[in-house]
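The primary structure of each chain is shown beneath.
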2 protein chains.
Amino acid sequence: MESEPTRVMVAVNESSIKGYPHASISSKKAFEWTLKKIVKSNTSGFKLLLLHAQVQDEDGFDDMDSIYASPDDFRNMRERNKANGLHLLEFFVNKCHEIGVRCEAWIRKGDPTEVICHEVRRVRPDFLVVGSRGLGPFQKVFVGTVSEFCVKHAECPVIIIKRSAEESPQDPADD
Amino acid sequence: MESEPTRVMVAVNESSIKGYPHASISSKKAFEWTLKKIVKSNTSGFKLLLLHAQVQDEDGFDDMDSIYASPDDFRNMRERNKANGLHLLEFFVNKCHEIGVRCEAWIRKGDPTEVICHEVRRVRPDFLVVGSRGLGPFQKVFVGTVSEFCVKHAECPVIIIKRSAEESPQDPADD
């Protein structure tokens, strides 16, 4: 008889190039790697915990086309963000459903590093998979890396999956 | 049809407390974690690559009971070390055989960090599992950690499995 399913948390985020609902190249890669190299045909042996840490858009500065005239406008913005995040998760949940692996997906707002480490403490996965852009030391100075922080601070084993060179966009900070 | 087996390299070493042929607490834990959380019942889906990096005992200083009178004595010592390493690997290979998962095991002499990274480049596993004593920053100053080096330098994804507090000996540098 098979033991309890292994609970694998996969951190996912949106593409910096295409925006919502598209997943970033590195988080899509981390998800697909997990299915191909770990879950394989043993779909009943695993449960994927898909966490989308949504960076809070504090001042709506990226949202140049919108006009905010009332408190409602801000509420609408927050609801739109949530809907965007849900569309992102839909991609991953659909994929899990297709291949028959159990999953749970949810959104938490905040700094991705803090959110991921907090959720690891809360849900206690067997391990965490995080995609990485695979930036060099010089590039990292400017953009930081969520994956390195998680390796150091998450209270569970962490595996970092790097994008391949072919998958990387022209600006390696993009994803 | 199942795809190619996932090739998982597991770095193993001898116990610093019990010596050969006993495995260190952390490498045994890393091996058992891999079987329990990754391989599970899907034994045909994985192949374990068991690498024992054997630290070279340059001057035989630990070997206080031996007398070296001829070149043959040194050759004998080297052969004894090799035999010790083989006894260590036997434990892991037997376990794999019992549960029916394919494996290969081998020994390389040298600094564990260099040996592991070199062998990763040579055999290209899908990922590497390394046990860790889970030392704090103060303890690390004196003993270094192979696992952290591998995360930074091995050319494949790396997952570090820490010993639990209950498994740790009184002196956490022991293993």
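Residues numbered from 1 in each chain as written. Chains lettered and ligands numbered in written order. Predicted model: local features only at pLDDT ≥ 70, side-chain atom pairs only at ≥ 80, totals over all residues. Heavy atoms only, no water.

With that settled, consider the interface of chain B and chain A. Facing 23 residues of chain B, the contacting portion of chain A comprises 23 residues. In this assembly, chain B packs against chain A so that about 1600 Å² is buried in total across both faces, 54% of it on carbon and sulfur atoms. For the interface between chain B and chain A, the tally reads two salt bridges. A:D126 serves as the salt-bridge partner of B:K37, at 2.7 Å between the closest nitrogen and oxygen. Where chain B meets chain A, there are 10 residue pairs in polar contact (both at pLDDT 80 or more). Elements with a minimum of two residues in the side of chain B that touches chain A: α1 (25-39) and β7 (158-162) of chain B. The element contributing the most residues to the side of chain B that touches chain A is α1(B), with five residues. Each residue belonging to the side of chain B that touches chain A can be placed in one class, and the counts come to 12 nonpolar, five polar and six charged. (Contact = heavy atoms within 4.5 Å. Buried area = accessible area lost by both parts, 1.4 Å probe. Salt bridge = Lys/Arg side-chain N within 4 Å of Asp/Glu carboxyl O. Polar contact = N/O pair within 3.5 Å; in protein donor to acceptor, adjacent residues only side chain to side chain. Helix = DSSP H or I, 4+ residues; strand = E, 2+ residues; numbered from the N terminus. Nonpolar A, V, L, I, M, F, W, Y, C, P; charged D, E, K, R; others polar.)

Bringing the packing of aromatic side chains into the picture now. Applying the stated criterion across every chain yields a total of six aromatic pairs over all chains. Aromatic side chains A:W33 and B:F127 sit 5.5 Å apart centroid to centroid with 70° between the ring planes, which places their arrangement in the edge-to-face category. Taken together, the residues A:W33 in helix α1 (residues 25-39) and B:F127 in strand β6 (residues 127-132) connect one chain to another. Like A:W33, the residue B:F127 is buried in the burial classification. Between B:F91 and B:F92, the ring centres sit 5.0 Å apart and the planes meet at 80°, which makes this aromatic pair edge-to-face. Classification of B:F92 as buried rests on a relative accessible area of 0%. Pairwise contacts between aromatic rings join A:F31, A:F91 and A:F92 into one cluster. Over the face of the ring belonging to B:F46 we find A:K40, whose NZ or CZ atom lies 5.5 Å from the ring centre. (Phe/Tyr/Trp six-rings, centres within 6.5 Å; stacked < 30°, edge-to-face > 60°. Buried < 20%, exposed > 50% of the residue type's maximum accessible area, 1.4 Å probe, protein only. Lys NZ or Arg CZ within 6 Å of the ring centre and 35° of its normal.)

It is worth stressing that arrangement in space is one thing and function is another; only the former is reported here.
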